[in-house]
Amino acid sequence: MAMITAMEVLPNFFGGGGDTISQIISMLFYVIFIVFIFYGQRIQMYVMIREVEGSLYKLKYIKEEGRKIAIETIKEIGKPQTDPSARVDRYLEYFTIQPQSMDPAGIVYKLDHILDVRDTRLKDEVKIMAPESDEVQINNLENTMEAAMALNYIYKVVRHFYIQGKKTLSLYVIMQLQMILPMVMKEAEAYASALKAFADGQPIGDGVGPWVAAKLMHGYETRKVPKDCVVATVPIEGRTALVIKAEGPGGNVGKPGEAVKAVVDENKGKIASVIMIDAALKLEGEPVGEVAEGIGAAIGGPGVDQFKIEESVAEYKIPLNAVIVKEDIGDAVSPLRKEISDSVDKVIERVKNVILERTKEGDKIIIVGVGNTIGIGQ
Amino acid sequence: MSENSSSATTKISTYLMLIVLIVLALSIVALMLSVNAFMVGNEIIAGYLLLIGFIAMALSFYVLLQSRKRIARMKIEAPKVMTTVECKKCGFKSVREFKRGDFVFKELEDCQKCNDKMIITAIYKEVKEKEKAYGV
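Residues numbered from 1 in each chain as written. Chains lettered and ligands numbered in written order. Predicted model: local features only at pLDDT ≥ 70, side-chain atom pairs only at ≥ 80, totals over all residues.

Trainee: I'd like a description of the overall build of chain B, backed by residues and values.
Mentor: On a plain count of helices and strands, chain B comes out with three helices and four strands. In chain B, the succession of α and β elements from N to C terminus is α-α-α-β-β-β-β. Residues counted as buried form 13% of the 136 residues belonging to chain B. Within chain B, residue pairs in contact and separated by at least 24 positions form 46% of the contacts whose partners lie at least 6 positions apart. (Helix = DSSP H or I, 4+ residues; strand = E, 2+ residues; numbered from the N terminus. Buried ≥ 20, exposed ≤ 12 C-beta atoms within 10 Å, placed from the backbone. Contact = placed C-beta atoms within 7 Å.)

Trainee: Quick rundown of the overall build of chain A? Include the residues and the values.
Mentor: Within chain A one finds 11 helices and seven strands. For chain A, whose C-alpha radius of gyration is 28 Å, the value lies well above the compact-globule estimate of 21 Å for 378 residues. Excluding contacts between residues fewer than 6 apart, the proportion of contacts in chain A whose partners are at least 24 apart in sequence is 77%. (Rg over C-alpha atoms; globule rule 2.2 N^0.38 Å.)

Trainee: Pulling in residues and values, what's your account of the interface of chain A and chain B?
Mentor: Across the contact, 30 residues belong to chain A and 24 residues belong to chain B. Listing elements by their share of the side of chain A that touches chain B, those giving two or more residues are helix H2 (20–78), helix H6 (171–200), helix H7 (208–217) and helix H11 (338–358) of chain A. Counting residues per element, the side of chain A that touches chain B draws most heavily on H2(A), which supplies nine residues. In terms of residue class, the side of chain A that touches chain B is made up of 11 nonpolar, 10 polar and nine charged. (Nonpolar A, V, L, I, M, F, W, Y, C, P; charged D, E, K, R; others polar.)

Trainee: So what's going on with H7(A)? Residues and values would help.
Mentor: All names here are of chain A. Where burial is concerned, most of H7 is hidden: 10 out of the 10 residues are buried. Listed as buried for H7 are Val208, Gly209, Pro210, Trp211, Val212, Ala213, Ala214, Lys215, Leu216 and Met217. In the stretch just after H7, Gly219 is the one whose phi turns positive, near 95 degrees.

Trainee: Before we move on, could you go through the sheet that holds strand S1 (residues 81–87) of chain B and cite the residues and values that matter?
Mentor: Residues and elements named next belong to chain B. If you walk across this open sheet you meet the four strands as S2-S1-S4-S3, and the pairing is antiparallel. Looking along the sheet, the strands with just one partner apiece sit at the ends: strand S2 (93–97) and strand S3 (107–110). On average, adjacent strands in this sheet sit at an angle of 35 degrees to one another, irrespective of strand direction. Relative to strand S4 (residues 117–125), S3 is paired through two bridges, and the arrangement is antiparallel. Bridge pairing in S4 places Asp110 opposite Lys117. (Pairing = 2+ DSSP bridges. Axes fitted to C-alpha atoms, helices over the stretch in contact; angles between N-to-C directions.)

Trainee: I'd like a description of the domain arrangement of chain A, backed by residues and values.
Mentor: Residues and elements named next belong to chain A. Structurally, chain A comprises domain 1 (48–200) and domain 2 (205–369). Computed from C-alpha coordinates alone, the two centres of domain 1 and domain 2 are separated by 28 Å. In this assembly, 19 residues from domain 1 lie in contact with 12 residues from domain 2. For the side of domain 1 that touches domain 2, the secondary-structure elements that each account for two or more residues are helix H4 (107–129), helix H5 (135–168) and H6. Considering each element in turn, the side of domain 1 that touches domain 2 owes the most residues, nine residues, to H6. Its residues placed into classes, the side of domain 1 that touches domain 2 shows nine nonpolar, four polar and six charged. (Domains from an automatic or database assignment.)

Trainee: If you had to explain the packing of H4(A) against H5(A) to someone new, which residues and values would you point to?
Mentor: Residues and elements named next belong to chain A. One can describe the packing of H4 onto H5 by two numbers: an axis separation of 9 Å at closest approach and a directional angle of 110 degrees. When the interaxial angle is binned, H4 and H5 end up roughly perpendicular. Where H4 approaches H5, its residues Leu122, Lys123, Val126 and Lys127 are matched on the opposing element by Ile138, Leu141, Glu142 and Met145. (Parallel < 35°, antiparallel > 145°, perpendicular 65-115°, else oblique.)

Trainee: Explain the packing of helix H8 (residues 256–266) of chain A against helix H9 (residues 304–316) of chain A to me, and be specific about the residues and the numbers.
Mentor: All names here are of chain A. Between H8 and H9, the shortest axis-to-axis distance is 7 Å and the interhelical angle comes to 20 degrees. Judged by the inter-axis angle, H8 sits roughly parallel to H9. Two packed elements cross with a definite hand, and for H8 against H9 that hand is left-handed. Residues Pro256, Gly257, Glu258, Val260, Lys261 and Val264 of H8 form the contact with H9, whose own contacting residues are Val304, Asp305, Lys308, Ile309, Ser312 and Tyr316. Residues that form the contact of H8 with H9 fall into these classes: six nonpolar, two polar and four charged. (Left-handed = near helix turned anticlockwise from the far one by under 90°.)

Trainee: Go over the nonpolar core, please, and point to the residues and values.
Mentor: Considering soluble globular proteins, one finds that nonpolar side chains tend to be buried as a cluster. Residues and elements named next belong to chain A. Ile244 and Ile277 are the most contacted members of the largest nonpolar core, which totals 98 residues. Looking at this core element by element, the count peaks at 12 residues for H6. For Ile277, the contacting residues outside a window of four places in its chain are Gly209, Val212, Ala213, Ala298, Val323, Val347, Val351, Val368, Gly369 and Val370. (Core = buried A, V, L, I, M, F, W, Y, C linked by C-beta atoms within 7 Å.)

Trainee: Now, about the confidence of the model for chain A: what can you tell me, with residues and values included?
Mentor: When pLDDT is averaged along chain A, the result is 89; 95% of the residues meet or exceed 70. The lowest-confidence element of chain A is helix H1 (residues 2–13) of chain A, averaging 51 in pLDDT; the highest-confidence one is strand S7 (residues 364–369) of chain A, averaging 96. (pLDDT = per-residue confidence, 0-100.)

Trainee: A description of the sheet that holds strand S5 (residues 291–295) of chain A should follow, citing residues and the corresponding values.
Mentor: Residue and element names in this part refer to chain A. The strand order across the open sheet built from seven strands is S1-S2-S3-S7-S4-S6-S5, with neighbouring strands paired in mixed fashion. Only two strands of the sheet have a single neighbouring strand rather than two, namely strand S1 (222–225) and S5. Each neighbouring strand pair of the sheet contributes to a mean axis angle of 25 degrees, computed without reference to strand direction. Here six bridges tie strand S3 (residues 239–246) to S7, and the two strands are oriented parallel to one another. The residue of S7 that forms the bridge with Val243 is Ile367.

Trainee: Mind laying out the pairing of strand S6 (residues 320–327) of chain A, listing which residues take part and the relevant values?
Mentor: Residues and elements named next belong to chain A. S6 sits mainly inside the fold: eight of its eight residues count as buried. Taken together, the eight bridges between strand S4 (residues 273–281) and S6 define a ladder with parallel strand orientation. In the strand pairing of S6, Val274 is matched with Leu320. Examined bridge by bridge, S5 and S6 share five bridges and lie antiparallel to one another. Counterpart to Ile295 in the pairing with S6 is Asn321.

So this is what it looks like as structure tokens:
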């Protein structure tokens with residue numbers, strides 16, 4: 001009785017009126033309004049949690065597919081005697097501890113050493129898992145495993161923050177995760193498409209630098225330079241170009257820093273210019289495969305090679321030029337796009353322009369094609 | 001274990017399915033009641049029940065469709081990768097699908113036209129979707 005009276009009186013009090021249905025609707029409106037005042041943030045959080053949960057399911061699926069592709073490829077190429085699944089699972093959990101940076105002097109060489117040890121260790125593991133594979137296949141398998149490892153790590157980190165957010169019911173933990181999730185998913189999807197490319201040995205977007213170098217050195221004799229790189233002496237526009245790239249066609253980035261240092265030292269610093277070619281991340285709105293020119297060491301990664309190149313050129317005051325091909329993260333690690341392959345000739349034209357404008361006839365120059373040379377020979 | 005969890009990620013959640021089915025059943029009941037109310041002559045109530053029934057039915061179908069879309073989105077699509085094979089001597093060019101073992105500048109069989117060695121000059125993927133232009 002009291003309830004019915006309240007239902008009749010309250011809507012009039014709040015400005016409602018008319019028949020019973022209108023009264024119910026206006027009451028409902030006020031109830032929703034009050035609920036949102038007190039529980040709005042919590043509802044918002046549940047919506048965010050649901051969104052993160054959906055992405056987490058997707059990440060889990062991608063991660064499991066990555067593991068499956070890695071195991072299948074090892075079985076297919078490496079023909080192991082035993083099931084490699086347990087060893088692959090162990091491999092996916094490998095970690096690398098960065099050197100201590102409280103006293104930063106000499107940290108580059110410490111990091112370099114740690115990365116060398118990591119590389120050797122991972123290659124040895126792949127050799128044990130896939131005993132029948134050759135050097136090129138080992139490099140490709142290692143890249144496949146690294147992509148699977150990255151997917152495993154991304155999934156675990158997102159899951160960590162998701163569970164932490166749910167446990168603490170902290171809007172801010174969930175909100176931070178939800179805000180960066182589109183970028184995380186983009187990266188995960190890029191690694192997912194990289195898996196297949198690595199497993200099959202297809203060139204990836206990051207390989208545009210080595211492709212340009214390979215096109216310049218094709219038909220000329222090459223020799224090995226440390227570490228995992230090759231160099232060829234190529235005449236270009238009346239100058240002598242020493243073209244460097246990682247040794248292909250296996251998945252390999254080499255150590256361009258050491259290669260440049262070795263070549264500069266061999267020539268006692270008598271180099272007119274160093275030109276670096278690399279893939280670079282584009283900004284939204286920029287077309288894929290756009291070529292740009294600049295100054296500095298065009299090289300990514302942990303920074304060791306960039307440091308070494310800068311050190312070598314600074315010692316002899318050699319000008320450092322860069323030509324980049326723009327692409328997004330997805331393009332960089334997935335099979336090379338047509339637009340990027342079409343940009344190879346444009347890059348060569350740009351390099352020739354730099355050579356003509358910045359050096360004299362008879363000069364020696366170094367051209368470095370930076371990136372993963374998977375699927376690109378020389 | 002991996003296979004089980006993989007199927008778990010690609011299956012529609014049981015709770016979601018249960019909720020959708022309950023809402024669907026209620027919407028059917030609402031539609032039936034609306035027909036009943038219309039027969040009795042209570043047109044206003046029939047109208048409201050019809051509206052509620054249709055909205056509930058549309059919502060449950062929408063949720064079901066969205067869940068199915070989420071599963072469809074979970075597929076890792078392997079793009080079509082093409083290999084361009086070229087004869088440097090006569091310029092004969094052919095494009096075929098990528099085969100494992102192909103790499104750029106790999107020497108292949110003799111050219112059909114001039115019997116010189118052919119080489120792979122490009123390997124690339126074809127991207128079908130065009131980037132959305134934002135007009136800025």
